[in-house]
Structure formats: C-alpha cells, structure tokens
Amino acid sequence: MNTMLQPQSTPATGGLKPEWRIGAGGVPYARYTSAAFAQLEAERFWLKVWQMACRLDQIPEAGSYTVYDILDQSIVLVRVDADTVKAYRNACPHRATALATGSGRFQLGAITCPFHGWKWDLAGNCTHLPGRDEFAGGCLRDEEVALREVHVRVWAGSVYISLAREPEPFEAMMAPIAELVDGVRMADMRFYWHIQVRVNANWKVTQEAFMEAYHVFQTHPQLINGVSPEEAGKLYTYQTFEHGHGLFQSGGVNAIGRVPLERMRTMTQDQQTDTLVRMLTSLEGGQDAQVHVDDVEIARSMRHRTLPEGALVGLEFQKVLREHYAAKGRAIGSFEALAKVTDMHIFPHVTFLPMLGNLLMYRSRPTPENDPDWCIFDMYALRTYADGQAPPPWETRYPEGDLSKGKNWYLIPSQDFGSILRQQQGMHTLAGGSSVLAGHQESIILNMHQHLDRYLEEEPD
Ligand code: FES
Ligand SMILES: [Fe+2]
C-alpha cells in the first residue's frame, strides 16, 4: 500500500465521500468493496449511462427478443424489423408482470403478458386488452397501456440502452472512438461463441483486468514469446479518450507476433515463422476467439513461401491471410486498423481485443443484488463469415466450477481470473488503502474512474 495515496480531505460533494475520491494516481479500494459506493453507482451511474445490452445478432429477425438486466431493472430488447430495435421496461403496464425471460421470439408479432393476456405489437402499442371498459371508467388512454420505452441505439453491431430520462448524447459519447472501432469491422462481426459467468469480484476489478498488458508477463507466461520485461513495457502505447474510453495499440510493432519489429528483423524466415506460430497457437488454444485453427495453418505455411527480400513474416502473413479469406468472400479488416487497436475499452463496461476477422470482447456489470463483491461477466467471441456462410444460432454457455482453472473454460481467461478473484480478496485485506497505478500502462483504469466520478458527482434524475 502506498501511504501517499491516502484519501484526500476534500469534503464530499454530490454523494461522493472523501474516502472514495481518487488520489494522486491511485484508486481507493473502497470503490470496489463498499456497498454504499455500489449504491451510489446504482443511483447515479447505472440508471443513467449508455451501456451495451446485447449484440444485434441475439435478436436476428422481426419478433426476436432478449432480456438485459442491470441491477434490479429488466429491459427487453425487441427486433421490430430489419432496421428497428426497441427497448422496453420488461414489466406489464397492468400489474407489472415481467413480459419475457431469456431470449426467444414473440410469435405472430405479438408480445403477450402471461398473467391476464394483454397484448402489444412489436412497436409497443397495446392491441388487446380484455375488458378494457372496466379500466379507468372506460377512459384508459393508449399511452397509459403502451409498453414503457427506454432509449436505445445500435452501434458497431451492439445494442446500447440508457435508462436516463435525458441521457448523454450517444453519438458524442462514441465519437472519439467510432473510427477506430469501424476499422476493426466490429459492426460486421457475428456470433462465434458467448460465455456468461457470475464472478466473485467487483465489476470494475473484472473489467480492469483487460485494460492493460502490464500483467501479461507474469500472468500469461505462454504469451511472452521471448520478449524481455523491458521490451514488453515498450510494446504498446496507451491512449485515453474523453468519455472514459481508452486503448492500447501495437503501433509500429508486429501486432500479430507480439515481438518488436527490430527483433524480428534479426531473425531468419524460419525463426520468424516459429515465433508467429507460437503466438497464434497460444491464442488459438488459450481462448479460441482472436485466432482460429485455419489462421494457424496459414501461419505455418509461411515457412515454405518465397518472400520479397527483407520482408517480415508477420507482415506478409496478414497479406496471405487476407487474400485467402477474400477468395472465400470473407473480409478480415486491415492490418493498419489492427495496429491502431490491440485492446480497447469502451466506457463503461466493454473491452475488446480485435484480430484479423476475429474479436474477443468482455463485458461486466453488477448483479441484481448489487453486491460489490460480485459481478456478471460476459465473454463474446465474434468473427466475420464468408459469403453464404451463416453464423451458428446464438447460444450462451455457463461454465461452472473454479474460474481460475483452465479445464473449466479456457486457459487465458482462467489465468486472468486467478488474479481477479485474489484481487477482490486483497482489497478487503487492505481496506482503507488505494491502488498504485502505473502512469502509462495503467492509465486507462484511472481515466475510467475519473469519468465515472463525473456521473457520481451529479444528482440523480
Ligand atoms: S399483469 Fe400483465 S396483463 Fe395483467
Ligand atoms: Fe490477461
């Protein structure tokens, strides 16, 4: 614990107590463990902020729906037609019965309450109300019985909602990162797999585990690929944005092999190929999301290809990969776009790691009980598909058992979760203390908390 990072003596304003205030470069542990802080987040933040509710391909056709819960609020996302998605409070205007659970399809375009059978069309208008004359002296107005809409936007293939009366303008919030997200083709990506787990850690602890590569050297030794700690520290450039977003990028280094270009230049074609294959194999076997078996096979073939004089295997590989998939009608995005985004945090609760044509995305949020020591965590593997190739139907897996054991799901997230679970415990042990954040490599974490505080300092709606 760093004693320089004790809570400041600034008086509390807007409900943010002095012991919750961010110190000089460190974040108080109470922000992750205190029920009162979680309550402040619930009132001032989660019930206002734009948040990712689902992927568009969870509601693929007119009538499809999926339910998104945030704290004790339940929202049902409905595909009205090819271009329209609506979000409703998942509660009947009659006596509040939840209208839907899980995911599915409203038959014949009608949303039906299971209790007394009121019905609505997909646009939320009440179309059937048995004994209507009996209500409000026969003067029930249509708007009183319409479904309660909440703000919704579709962006980069994801559906976002806000429960605020007047949310922050969505486009302005996403503007700083829109171009970078477009570059990795997230909007074109479809379901590959989806995992959801309940995690014994605060939603911010879980999310922050994916906001820096500083931990890779210790946590994921199989991903080091011969890089020294000094080199590892210089592999990525970190950048923070307005509205709480952040990214790290490989820029001029080899985004695929994760080895500095200067080092790659000293290696033979075989050595470079081995380095590349080692990294891709670790990713493929360790999470089956950013890299797939076909990509590894193409990487292996680089050993036998005739390359232009002085060409780097990693850079030539992505050209071969692009041509291979282009012949099948599959777009995989550009290397230039990938070089700009190795890992991006979208405020407040999504982080994604793109690769060529594939992507791994994480989302975390508080539980319905708002217990600060628990969160709901989602992992999404997304990818582009070839022309005429359909993604499998959306299916969610729920791994059980110890999340820090790779046999229960994948090696790479199990390594992350080994630390995530211990970190939440340790924050209780050092109650009253603060983290000590690296100025550059952990800057995305600090930026996220600073933007969170802008909400926490505002009065609730
Ligand atoms: S509670 Fe829904 S129709 Fe009565
Ligand atoms: Fe990790």
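For clarity, every value in this text was computed on a predicted model and none was experimentally measured.

Asker: I'm lost on the domain arrangement of the protein in this one. Help?
Answerer: Accessible area lost during the coming together of the parts is what is often quoted as the interface size. Domain parsing of the protein yields domain 1 (20-49 + 177-461) and domain 2 (50-167). Relative placement of domain 1 and domain 2: their C-alpha centres are 33 Å apart. Listed as interface residues are 23 residues of domain 1 and, on the opposing side, 17 residues of domain 2. Where the side of domain 1 that touches domain 2 is concerned, the elements lending two or more residues are helix 2 (35-46), strand 11 (190-199) and strand 16 (358-366). The greatest single-element share of the side of domain 1 that touches domain 2, amounting to three residues, is contributed by strand 16. The residue inventory of the side of domain 1 that touches domain 2, partitioned by class, reads 16 nonpolar, two polar and five charged.

Asker: In this structure, what is going on with the nonpolar core? I would like to understand it.
Answerer: Grouped burial of nonpolar side chains is what soluble globular proteins tend to show. Grouped together as the largest cluster of nonpolar side chains are 109 residues, with contacts concentrated most on Ala53, Leu77, Leu276 and Leu359. Contact partners of Leu77, with chain neighbours within four places excluded, come to Ala53, Cys54, Ile59, Tyr65, Thr66, Tyr68, Val85, Ala87 and Val159.

Asker: Would you explain the packing of helix 2 against helix 14 (residues 443-456) in this entry?
Answerer: What describes two packed helices is the angle between their axes and the distance between those same axes. Where helix 2 contacts helix 14, the axes come no closer than 8 Å and their chain directions differ by 80 degrees. As the angle between them shows, helix 2 and helix 14 are arranged roughly perpendicular. Seen from helix 2, the contacting residues are Leu40, Glu41, Arg44 and Phe45; seen from helix 14, they are Leu452, Tyr455 and Leu456. Classifying every residue of the contact of helix 2 with helix 14 by side-chain character gives five nonpolar, no polar and two charged.

Asker: I keep staring at the sheet that holds strand 1 (residues 51-55) and nothing clicks. Help me out?
Answerer: In a beta sheet, neighbouring strands pair by backbone hydrogen bonds and run either parallel or antiparallel. Sheet architecture is open: seven strands sit in the order 1-10-9-4-3-2-5, paired in antiparallel fashion. For this open sheet the edge positions go to strand 1 and strand 5 (103-105), each flanked by a neighbour on one side alone. In this sheet, neighbouring strand axes are inclined to one another by 30 degrees on average, regardless of whether the strands run parallel or antiparallel.

Asker: Could you clarify how one ought to interpret helix 2 in this entry?
Answerer: The periodicity of an α-helix, 3.6 residues per turn, causes residues three or four places apart in sequence to face the same way. If you check which residues of helix 2 are buried, you get Phe37, Ala38, Leu40, Glu41, Arg44, Phe45 and Trp46. The buried residues of helix 2 occupy an angular sector of 155 degrees when the element is viewed end-on, so they sit on one face. Exposed and facing more than 90 degrees away from the buried side of helix 2 are Ala35 and Ala36. Contact partners of the buried residues in helix 2: helix 1 (30-33), strand 2 (64-70), strand 16 and helix 14.

Asker: What exactly am I supposed to notice about the sheet that holds strand 11 here?
Answerer: Taken in spatial order, the eight strands of this open sheet run 12-13-14-15-16-17-11-18, and their pairing is mixed. The two strands at the open ends of the sheet, each matched to only one other strand, are strand 12 (237-240) and strand 18 (396-397). Two elements, strand 11 and strand 18, share two bridges in a ladder whose sense is parallel. If you follow His194 over to strand 18, its bridge partner there is Thr396. Most of the contacts of helix 14 go to strand 12, to which it runs at about 5 degrees, and overall it touches strand 12, strand 13 (246-249) and strand 14 (343-346).

Here is what the cut-offs are and how they apply
Residue numbers run consecutively from 1 along every chain, following the written order of its sequence. In the order they appear in the text, chains get letters beginning with A and ligands get numbers beginning with 1. Residue-level local features of this predicted model are given only where pLDDT is at least 70; pairs of side-chain atoms are given and counted only at 80 or more, and the full residue set underlies all totals for whole chains, interfaces and linings. As annotated, the domain borders come from an automatic or database domain assignment. Throughout, a residue-residue contact means that the two C-beta atoms, derived from backbone geometry, are no farther apart than 7 Å. Under the scheme used here, helices are H or I runs from DSSP no shorter than 4 residues and strands are E runs no shorter than 2 residues, and both carry numbers assigned from the N terminus. Amino acids are sorted into nonpolar (Ala, Val, Leu, Ile, Met, Phe, Trp, Tyr, Cys and Pro), charged (Asp, Glu, Lys and Arg) and polar (every other residue, Gly among them). We define the nonpolar core as any set of buried residues of the types Ala, Val, Leu, Ile, Met, Phe, Trp, Tyr and Cys, connected via C-beta atoms lying within 7 Å of each other. In this scheme every C-beta is placed from the backbone, and a residue whose C-beta has 20 or more other C-beta atoms within 10 Å is buried, one with 12 or fewer is exposed, and one in between is partly exposed. Interaxial angles span 0 to 180 degrees and are taken between N-to-C directions of axes, which are lines fitted to C-alpha atoms, for helices over the stretch in contact. Angles below 35 degrees are treated as roughly parallel, those above 145 as roughly antiparallel, those between 65 and 115 as roughly perpendicular, and all remaining angles as oblique. We treat two strands as partners when DSSP finds at least two bridges between them. Think of it as the arc spanned by the lines of direction from the helix axis to the C-beta atoms.

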